[in-house]
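Summary of the model geometry
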Amino acid sequence: MSETDVTNADLPADGPEPQVHGQRILLDGVTKRYPGQKAPAVDDITLEIPAGEIVMLVGPSGCGKTTTLKMINRLIEPSEGRILIGDEDVTHKDPDELRRHVGYVIQGAGLFPHLTVAKNIALVPRLLGWDKARIEARVTEMLELVNLEPDQYASRYPRELSGGQQQRVGVARALAADPPVLLMDEPFGAVDPITRQRLQDELLRLQEELRKTIVFVTHDFDEAVKLGDRIAILQVGSAIAQYDTPEAILANPANEFVEGFIGHGAALKQLTLTRVRDVDLHEAAVARVGDDPAQAVAAAEELGREHVIVLDGAGRPLRWLPLRALRRPDALTRVARDENLESVSLASTLNDALDEMLTSSHGVVVVTGRRGRYEGVVRIETVMEAMQGLQSPAHEAGRVTR
Amino acid sequence: MSIATGPAATEDVADASTTTTADGAAPMRRGRAVGQLVACLAVFGALLVYVAVADLSSVEARNLSTTRLLTLSWQHFLLAMAAALLVIVLAIPLGILLTRGPMRRFSTPITAVAGFGQAAPAIGLIVIAALYFGTGRFPFVCALAVYGILPVLANVVTGIDGVDPRLVEAARGMGMSAFSTLVRVELPLAIPVIMTGVRTALVLMTGTAALGGFVNAGGLGTLVNTGIKLGLDNVLIVGALAIAALALFIDWLARIIEMAATPKGL
């Protein structure tokens, strides 16, 4: 068996084509003036956010991006203009009623410390008057969705969770009542870079399944490029400097302001545009818990590998094992999960993969797909090739539409 | 593959540290709670024993019987509790009101006025109440309440203002009404601070209730008053010690209630 390339073209065979559950949002000439201030905080912004897409609002601090976001769920009341969600004008709708149907995620998650994880998630369904059994089922479903074991986490209090876990609960809470629209205000701003990368990957994975309309505020342009279907770059007063796909913005910045905001090294930023799913994955030697170690050793030796990635019953990677550890007859009966296993998802960027590799002693990083299942590995050579490809003008061919 | 980096490692550390602090702090608090209860019960027990066995003159004996000590202590306890109830009923709604939008600007002046209540000599307040509303329990309880309102009022305002504004915004952003946000987010999170204020007021008022002896309101102050007037030092000292023991006991009781009322997870 030679080194087989795993192509991901047939990935969606996993499930049916996801439906778009989101609704479009239209900001129509929206302005916010604060009393006693001459210049409006948001000056006549008109922006259409298509259903089922992630739109990133980026800009320097004080440009009005958060104000713009908060006017969509009317935490801040617009002074002028209309806001439509779907075809409904929500500008004068009862704000509490409106907000129960708009998910809202803030920085640091904003979980209520006196409520358990389950009760935090159950909040909006309870406000909507769901019955108990339905709420309970939904909480379990939401925790599974964000990869937190319900039995283990439902009854914990927020302070017993790490920052990343809290943020995941925050997303679960926002999605609990299945709102068509999700507003995210710098949600991943307060976590460490590795956790942030994982949360971003998870959001992209969720979005593949859910197809919500997501408006996401960030000041991090790399995050915008990674997550956004479209990016709106805002100047002071929420004036839109450019509103386009990340590819188009990187290729053709509309003006000097945008150029300045993208910063130098735009070519390297292209690495952020290339997803792990866009490159050819390699196959590592694989063994499953419960397999015969001798056979696993034989298979690995045939591939010429010294390490084997062990998968659990659900096909999720557990840890790398060296061949010498596999020579014990009970080596595969019980394998502990390596919590620090370097892994990226198909939605991760090559930039993320490179980051992970730099902490890995193997020069490879495991790639997981839906539900955390093993898909293959990315090798450092693959990233290097991609970088060379990006630097040559012919790299357009390598770009895959998302 | 054994480099210990990544979020999982930090998560474990975070888990471990939170649980240790929680477990490490609890026994200390429990130790203090038990110690305080034992101390005040011991003092009170010693007083009861003294009253029962001491060789007393007939005047002393009339003032220092076991039943009289118990009755006066109970009266004293009720006086303090009645005043505390009045304070809670007045100060908590008022404090909440002072943290709501347009009323917020009155928060500083009203807290200052409440500060006068505490700064004024308690004996003055009590005598004024007695002059205008007569002697007896009710005017006395009212005067005590004026004296004890500040810590509760101030702590309600501080406690609610101290709730992380992002949590309030998260609650509103999820569609909770202003009232529901107050009841389900702001008040539960402010409880520890509010309860500290209530406890302070209780202890203050238990001590101050000793002045009830001067205005015929009953309580252990009667013993102190009698002791002073008749020059019976032992009556005076028994009364004073009993008041101190009662104040410690009420402080203990309030701590227990505080611990029970504080939501888990804080």
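Note that this is a predicted model, so its numbers are computed, not measured.

Analysis parameters
Residues numbered from 1 in each chain as written. Chains lettered and ligands numbered in written order. Predicted model: local features only at pLDDT ≥ 70, side-chain atom pairs only at ≥ 80, totals over all residues. Heavy atoms only, no water. Helix = DSSP H or I, 4+ residues; strand = E, 2+ residues; numbered from the N terminus. Buried < 20%, exposed > 50% of the residue type's maximum accessible area, 1.4 Å probe, protein only. Contact = heavy atoms within 4.5 Å. Right-handed = clockwise from strand over helix to strand, strands pointing away. Pairing = 2+ DSSP bridges. Core = buried A, V, L, I, M, F, W, Y, C linked by side-chain atoms within 4.5 Å. Salt bridge = Lys/Arg side-chain N within 4 Å of Asp/Glu carboxyl O. Phe/Tyr/Trp six-rings, centres within 6.5 Å; stacked < 30°, edge-to-face > 60°. Lys NZ or Arg CZ within 6 Å of the ring centre and 35° of its normal. Axes fitted to C-alpha atoms, helices over the stretch in contact; angles between N-to-C directions. Parallel < 35°, antiparallel > 145°, perpendicular 65-115°, else oblique. Left-handed = near helix turned anticlockwise from the far one by under 90°. Nonpolar A, V, L, I, M, F, W, Y, C, P; charged D, E, K, R; others polar. Patch = residues over 30% accessible without salt bridge, like charges linked within 9 Å, V, L, I, M, F, W, Y side chains within 5 Å. Areas by Shrake-Rupley, 256 points an atom, 1.4 Å probe, with all protein chains shown as cover.

Focus: the side chain of Ser73 of chain B
Residue and element names in this part refer to chain B. As for its placement among the helices and strands, Ser73 is situated in helix α3 (residues 66-97). The buried category is assigned to Ser73, whose relative accessible area is 7%. Setting aside chain neighbours within four positions, we find Ser73 in contact with Phe44, Leu220 and Leu246.

Brief notes about the pairing of strand β12 (residues 307-311) of chain A
Sheet faces and side chains relate simply in a regular strand, where the side chains alternate between the two faces. All names here are of chain A. Counted residue by residue, β12 has four buried out of five residues, so it is predominantly covered. Handedness of the strand β11 (residues 285-288)-helix α12 (residues 293-303)-β12 crossover: right-handed. As defined by bridge partners, β12 adjoins strand β13 (residues 317-322) across five bridges and the pair is classed as antiparallel. Each residue of the ladder has a partner; that of Val310, found in β13, is Arg319. The antiparallel hairpin formed by β12 and β13 contains five residues in its connecting segment, where Gly315 sits at a positive phi of about 80 degrees.

Details of the nonpolar core
Residues and elements named next belong to chain A. Core analysis: the largest hydrophobic core is formed by 91 residues, its most contacted members being Phe112, Ile121, Met184 and Ile231. With six residues, the single largest contributor to this core is helix α3 (residues 117-127). Setting aside residues no more than four positions away along its own chain, Met184 makes contact with Leu69, Val105, Val171, Leu203, Ile214, Val215, Phe216 and Val217.

Here's the deal with the pattern of salt bridges
Within the structure shown, the criterion is met by 30 salt bridges over all chains. Note that Arg74 of chain A and Glu77 of chain A form a salt bridge whose closest N and O atoms lie 2.9 Å from each other. Note that Arg172 of chain B is salt-bridged to Asp96 of chain A, the shortest N-O span being 3.4 Å. Of this pair, Arg172 of chain B sits in helix α7 (residues 165-173) while Asp96 of chain A sits in helix α2 (residues 95-99), placing the two residues on different chains. Judged by relative accessible area, which is 25%, Arg172 of chain B ranks as partly exposed. Overlapping salt bridges bring together Arg138, Glu141, Asp178 and Lys212 of chain A as one network.

Observations concerning the packing of aromatic side chains
Residues and elements named next belong to chain A. By the definition in use, this model includes five aromatic pairs over all chains. Put simply, the rings of Phe221, Phe257 and Phe261 pair up and form one aromatic cluster. Above the ring of Trp130, the side-chain terminus of Arg134 is found at 3.6 Å from the ring centroid.

What about the sheet that holds strand β8 (residues 213-218) of chain A?
All names here are of chain A. Taken in spatial order, the six strands of this open sheet run β6-β7-β8-β3-β9-β10, and their pairing is mixed. Of all the strands in the sheet, the pair left with one neighbour each is β6 (102-106) and β10 (239-244). Pairwise comparison of adjacent strand axes, ignoring direction, gives a mean angle of 15 degrees for this sheet. Inspection of the sheet shows strand β7 (residues 181-185) paired to β8 by five bridges, in the parallel sense. Bridging across to β8, Val181 finds its partner in Thr213.

Considerations on unusual backbone geometry
All names here are of chain A. Phi at Arg74 takes a positive value of approximately 55 degrees, unusual for a residue other than glycine. By the secondary structure assignment, Arg74 is in the loop between α1 (65-72) and β4 (80-85). One non-glycine residue with positive phi stands out, namely Asn147, at about 65 degrees. On the secondary structure map, Asn147 appears in the loop between α4 (132-145) and α5 (150-153).

Remarks on the packing of helix α8 (residues 178-208) of chain B against helix α10 (residues 233-261) of chain B
Residues and elements named next belong to chain B. For the pair α8 and α10, the least separation of the axes is 9 Å and the interaxial angle reads 165 degrees. Between α8 and α10, the crossing angle belongs to the class labelled roughly antiparallel. For the crossing formed where α8 meets α10, the hand is right-handed. Listed contacts from α10 to Ile191, Pro192, Met195, Thr196, Arg199, Leu202, Val203, Thr206 and Gly207 of α8 are Ile243, Leu246, Ala247, Ile250, Asp251, Ala254, Arg255, Ile257, Glu258 and Ala261. For the contact of α8 with α10, the class distribution of residues is 12 nonpolar, three polar and four charged.

Re a nonpolar patch on the surface
Residues and elements named next belong to chain B. On the surface, a cluster of nonpolar side chains totalling about 920 Å² of accessible area is made up of Ile123, Val127, Ile128, Leu131, Tyr132, Phe133, Phe214 and Ile228. When residues of the nonpolar patch are assigned to their parent elements, the largest contribution, six residues, is made by helix α5 (residues 122-133). Along the chain, the position of Phe133 falls in helix α5.

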